[in-house]
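Working through the structure, step by step
Here are the chains, one letter per residue:
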Amino acid sequence: MRSTKNTNDLAYLATNARSHGEAPKSRYTHIVIRGKDDLGQDLVIAQGYVIHGFRERARDLVTLELGSETPAEPDQKPRAWIKAGRFTRLDR
C-alpha cells in the first residue's frame, strides 16, 4: 500500500513493507514527511517524537478504532516473542 498527500504546508509519502528475514515476517511502514512550520521554516520533528511519538499516537488511534487489549493478550505476547525466531523486546 502506498499513500501520498500534499497540502500547502505538508507533504508525505508512506509505504508498507515486510522484513525479508526468517519467518514470521514483520510488517512496518516507511514514512517521509516534508513541510513548513507556522513561521515558514522547514518542519523539524523532535527525535524523541520520531522514535516514540509516532508509535504511541498510532497505538492510541488503533485502540480507539479496535478497542483495548483483552486481559489475555498481554500474557500471550511474550510467548509469541519467544517463538518468533528473531530479535524481540526480550533481547533488548
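Remember, it's a predicted structure, so these values are computed and weren't measured experimentally.

What follows deals with the overall build of the protein. The helix and strand inventory of the protein stands at two helices and three strands. Helices (α) and strands (β) of the protein occur, in sequence order from the N terminus, as β-β-β-α-α. Out of the 92 residues in the protein, the part that is buried amounts to 7%. Of the contacts made within the protein by residues no fewer than 6 positions apart, 15% connect residues no fewer than 24 positions apart. Approximately 8500 Å² of the protein is accessible, and the part contributed by carbon and sulfur atoms is 53%.

A cluster of nonpolar residues, Leu-10, Tyr-12, Ile-31, Ile-33, Leu-43, Ile-45, Tyr-49, Val-50 and Phe-54, forms a patch on the protein surface that exposes about 700 Å² of accessible area. At the level of secondary structure, the elements contributing two or more residues to the nonpolar patch comprise strand 2 (10–18), strand 3 (27–35) and helix 1 (47–66). Element by element, the count of residues in the nonpolar patch is highest for helix 1, at three residues. With respect to the helices, strands and loops of the structure, Ile-31 is situated in strand 3.

Inspection of the entire model under this criterion finds two salt bridges. Between Asp-42 and Lys-36 there is a salt bridge, with the nearest N and O atoms lying 2.8 Å from each other. By relative accessible area, which is 54% here, Asp-42 ends up exposed. In this structure, Arg-59 engages Asp-60 in a salt bridge whose closest nitrogen and oxygen atoms are separated by 3.5 Å. Assessed through its relative accessible area of 36%, Asp-60 is described here as partly exposed.

Taking 1.5 Å as the rise per residue, helix 1 with 20 residues should run 28 Å; its terminal C-alpha atoms sit 28 Å apart, in good agreement. The sharpest bend along helix 1 measures roughly 40° and falls at Gly-53. Of the residues one or two after helix 1, Gly-67 is the one with positive phi, at around 95°.

A residue-level look at the protein finds 77% of positions with pLDDT of 70 or above and a mean pLDDT of 78. At the low end of the mean pLDDT range in the protein sits strand 1 (residues 2–6), at 58; at the high end sits helix 1, at 88.

Parameters at a glance
- Residues numbered from 1 in each chain as written.
- Predicted model: local features only at pLDDT ≥ 70, side-chain atom pairs only at ≥ 80, totals over all residues.
- Heavy atoms only, no water.
- Helix = DSSP H or I, 4+ residues; strand = E, 2+ residues; numbered from the N terminus.
- Buried < 20%, exposed > 50% of the residue type's maximum accessible area, 1.4 Å probe, protein only.
- Contact = heavy atoms within 4.5 Å.
- Areas by Shrake-Rupley, 256 points an atom, 1.4 Å probe, with all protein chains shown as cover.
- Patch = residues over 30% accessible without salt bridge, like charges linked within 9 Å, V, L, I, M, F, W, Y side chains within 5 Å.
- Salt bridge = Lys/Arg side-chain N within 4 Å of Asp/Glu carboxyl O.
- Expected span 1.5 Å × (residues − 1).
- Bend = angle between axes of the 7 residues up to and from the residue.
- pLDDT = per-residue confidence, 0-100.

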